[in-house]
Amino acid sequence: MSDTILDIIARKSGVSRPSAGDIVEIGVDRIYIQDGNAPTAARLFAEHGFDRVFDPSRIGIFIDHSVLAPDLLMRNRVKEAEKFARQFGLQFFKGGTGISHLVALEEGWFGEGDVVIGADSHTCTGGATGALAFGLGVSDIVAAMVTGRTWLRVPEIVEVFVTGHPVDYIRPRDVAFRVLAAHGQTPFLGRALVWSGEWIERLDAEDAAGLANLAVELGAFCCRLARTEGDRARNTPRITIDIGGIEPTVSRPPSPDQSISLSDAAGVPIHEVFIGSCASSRFRDVAVAASILAGRQIASGVQCVLTPGTGRVYARAMREGCIEALVSAGVLVTPAGCGSCVGTQGSVPASGSTVLTTMNRNFKGRMGNPDADIWLASPAVAAAAAVIGRIPTVAELVSLLHAK
Amino acid sequence: MPNSFDELRVRRIQGIVSTDDILPARIKHQHVDPKEFAKHVFSAHTPGFAGTLRSGDILVADSIFGIGSSREQAVTALLAAGVAAVLAPAFGTIFFRNAWNSAMPAIEIDLPDLREGETVRIDLVHARLTGARGATAFRAPPPLLLNVLKAGGLLASISASGAAE
């Protein structure tokens, strides 16, 4: 049995039996910052006169939110992030390398039992490989860069026990958003979320990361996946969900807690599709989109953008023919990174448009235009919508997935 | 930084609030100066709201406040717009830390009986909010956070402690 979250906290804090609610100080193994926060970190270093970091080899700066900067202000901020990395000798991941969380996974930065913090809420993705990984604001990140330490309030554990076996096109995101819709954030807020059950134990690395990524959407502080029966949390509040026979989940605007079954959303006209973001831009996500779009054309009047999560995913998708299929179908494939997720690089949705995207959030204005409605779904559903110009029925989805 | 705040003006906020609602990402990526952020507070959520904020306002929310993104700029934007504190039944985990780290109290309180525009007083040490219709207790902030507030924020407290030397 691997370390529990409490084991990691005990080891990294020196407190032998940490209990929920205690405030403890812990050592940090890795720290990373994305391009939207690095310039503010640089400003805070200068303002407070900090002139060194605890270990530059353990700190990364990632250019992922504004890879192709859409305006002069953001481009200048990206250059400040680059200069900040150079000034302190930090690890620098230039634009096109990919989204911080996914590159960190590829680079082995989320070592099992390590403490990893990032200036981005989706740092919880690192829970997939057994790291204690959580997002923090930039002051906390700057403090840890200087001291090599941070603090946390020891979280209570909340376990979600998953039973049943769904059809193969059901993805972890369909399950996570269903749990959110049923329970809201309240049971998870500030807690450590542990997913368990046979289906969870069988998830491969890509799907495990896809599930851990969404912990923050449930309000959790951090996340881990029980990989064996022995890993399951004990004596903790348990929520159960039976996923046998569930349909894909679609989230209505303006928040992921407004999630419903595909059948209840089918038929909604879609004007723009974005496949990407740290939730759903791994190779499998690109491949399923390509398999649906191969030999077809996206619907007239629909714009479809796909952004691979990392440069490695992009290169593999190119080798395996996915990119050719996507481009031939009329998809705009952009350099690896966060893509259109937060309106900090193209494309921004048109006013009055309805967007279907594989992102993890659909808050009003999320993609840079408060006058667009944003719906969320898995890559397969999004690609199917791009083909038919509306949210598909289950039958339409299955037909597009399997019939050629 | 004081332990009590007088003459605070209540501004009610309804529903779950995300950090995207408080400050759009695009603005965060364009600027580093909180004064720039302040102009865009709640610009997608409630257009025009930023212009009505003044120094000494407090936001009183009726649901979870500050879910989603880790952007601390949502806090510094509110501070620069004059917001002295945020009160809510619960907070997004990261937002809660960011608020105290930036020397803005985030107070966990169950739906106080407060009206838009009324004047209140907050006593952090005794964890009490006093308005026109009496006093309401709230969850006492941990001493660690009160110390951070007293120092003027997390980084100021680190500078002062010599931990950066």
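Caption draft 1: Region of the structure containing the interface of chain B and chain A. At the interface, 41 residues of chain B touch 53 residues of chain A. Together chain B and chain A conceal approximately 3,800 Å² of surface at their shared face, both sides included; 59% is due to carbon and sulfur atoms. Where Arg 97 of chain B meets Asp 140 of chain A, a salt bridge forms, and the shortest distance between an N and an O atom there is 2.9 Å. Across the chain B-chain A interface, the total number found is 16 residue pairs in polar contact (both at pLDDT 80 or more). Those elements giving two or more residues to the side of chain B that touches chain A turn out to be helix H1 (19-22), helix H2 (25-30), strand E4 (64-67), strand E6 (90-91), helix H5 (93-101), helix H6 (143-151) and helix H7 (154-161) of chain B. Counting residues per element, the side of chain B that touches chain A draws most heavily on H5 of chain B, at six residues.

Caption draft 2: Expanded view of the confidence of the model for chain B. For chain B, per-residue confidence averages 94 on the pLDDT scale, and 98% of positions sit at 70 or higher. Scored as a complex, the prediction yields pTM 0.97 and ipTM 0.96.

Caption draft 3: Structural detail: the pattern of salt bridges. Enumeration over the complete set of coordinates arrives at 30 salt bridges over all chains. Of the charged contacts, one joins Arg 133 of chain B and Asp 113 of chain B as a salt bridge, the two residues approaching to 3.0 Å between their closest N and O atoms. Within this pair, whereas Arg 133 of chain B is found in the loop between strand E9 (128-131) and strand E10 (134-137), its partner Asp 113 of chain B is found in the loop between strand E7 (106-108) and strand E8 (119-123), the two being separated by 20 residues in sequence. Its relative accessible area of 40% is what places Arg 133 of chain B among the partly exposed residues. Residues joined in a network through salt bridges with shared partners are Arg 171, Asp 204, Asp 207, Arg 284 and Asp 285 of chain A.

Caption draft 4: Expanded view of the sheet that holds strand E3 (residues 57-61) of chain B. All names here are of chain B. Strand order in the open sheet formed by seven strands is E7-E5-E3-E1-E8-E9-E10, with mixed pairing between adjacent strands. Two strands in the sheet have a free side with no partner beyond their single neighbour: E7 and E10. The sheet shows a mean angle of 30° between the axes of neighbouring strands, direction not considered. Bridge analysis of strand E1 (residues 4-13) against E3 gives five bridges, and the strand direction is parallel. For Arg 9, the partnering residue across the bridge sits in E3 and is Asp 57.

Caption draft 5: How the structure looks around the side chain of Thr 123 of chain A. Residues and elements named next belong to chain A. Relative to the elements of secondary structure, Thr 123 occurs in the loop between strand E5 (115-119) and strand E6 (132-135). Residue Thr 123 is classed as buried on the basis of its relative accessible area, which comes to 0%. Look past the residues within four positions of Thr 123 in its chain and what remains in contact with it is Tyr 32, His 101, Phe 110, Val 116, Ile 117, Gly 118, Ala 133, Phe 134 and Gly 135.

Caption draft 6: Looking closely at the environment of Val 179 of chain A. Residues and elements named next belong to chain A. Structurally, Val 179 is set in helix H6 (residues 172-183). Looking at Val 179, the relative accessible area reads 1%, which means it is buried. Taking C-alpha positions, Val 179 is 37 Å from Gln 91, a pair spaced 88 residues apart along the chain. Filtering out sequence-adjacent residues up to four positions away, Val 179 remains in contact with Val 160, Gly 184, Phe 188, Trp 195, Leu 218 and Ile 241.

Caption draft 7: Focus on the state of the cysteines. Residue and element names in this part refer to chain A. Inspection of the entire model under this criterion finds zero disulfides over all chains. As a non-bridged cysteine, Cys 124 has Cys 223 as the owner of its nearest cysteine sulfur, 6.8 Å distant. Taking relative accessible area as the criterion, Cys 124 reaches 1% and is therefore assigned buried. Unpaired in this structure, Cys 322 has its nearest cysteine sulfur neighbour in Cys 304, at a distance of 14 Å. Cys 322 gets classed as buried once you look at its relative accessible area, which sits at 7%.

Caption draft 8: View of helix H3 (residues 72-88) of chain A. With 17 residues, H3 of chain A extends 25 Å from end C-alpha to end C-alpha; this agrees with the ideal 24 Å at 1.5 Å per step. Looking at H3 of chain A, one finds that the buried residues are Met 74, Arg 77, Val 78, Ala 81, Phe 84, Ala 85 and Phe 88 of chain A. Viewed along the axis of H3 of chain A, the buried residues span an arc of 115°, placing them on a single side of the element. Those residues of H3 of chain A that are exposed and aimed more than 90 degrees away from the buried face are Leu 72, Lys 83, Arg 86 and Gln 87 of chain A. Tucked into the core, H3 of chain A has its buried residues touching strand E2 (30-34), helix H2 (38-48), strand E3 (59-62), strand E4 (91-93) and helix H5 (138-147) of chain A together with H2 of chain B. Sitting at the head of H3 of chain A, Asp 71 of chain A places a side-chain oxygen 3.1 Å from the backbone nitrogen of Leu 73 of chain A. Directly after H3 of chain A, the chain includes Gly 89 of chain A, whose backbone phi takes a positive value near 65°.

Caption draft 9: Focus on the sheet that holds E4 of chain A. All names here are of chain A. The five strands are arranged E4-E3-E2-E5-E6 in an open sheet whose pairing can be described as parallel. Lying at the two open borders of the sheet, with one neighbouring strand each, are E4 and E6. If you compare each strand with its neighbour and ignore which way they point, the axes differ by 20° on average. Bridging between E5 and E6 involves four bridges; their strand directions are parallel. By the bridge assignment for E6, Ile 117 is matched with Phe 134. Contacts from H3 reach E2, E3 and E4, with the element oriented near 160° to E3.

Calculation rules
Residues numbered from 1 in each chain as written. Chains lettered and ligands numbered in written order. Predicted model: local features only at pLDDT ≥ 70, side-chain atom pairs only at ≥ 80, totals over all residues. Heavy atoms only, no water. Contact = heavy atoms within 4.5 Å. Buried area = accessible area lost by both parts, 1.4 Å probe. Salt bridge = Lys/Arg side-chain N within 4 Å of Asp/Glu carboxyl O. Polar contact = N/O pair within 3.5 Å; in protein donor to acceptor, adjacent residues only side chain to side chain. Helix = DSSP H or I, 4+ residues; strand = E, 2+ residues; numbered from the N terminus. pLDDT = per-residue confidence, 0-100. Buried < 20%, exposed > 50% of the residue type's maximum accessible area, 1.4 Å probe, protein only. Pairing = 2+ DSSP bridges. Axes fitted to C-alpha atoms, helices over the stretch in contact; angles between N-to-C directions. Disulfide = S-S within 2.5 Å. Expected span 1.5 Å × (residues − 1). Arc of directions from axis to C-beta.

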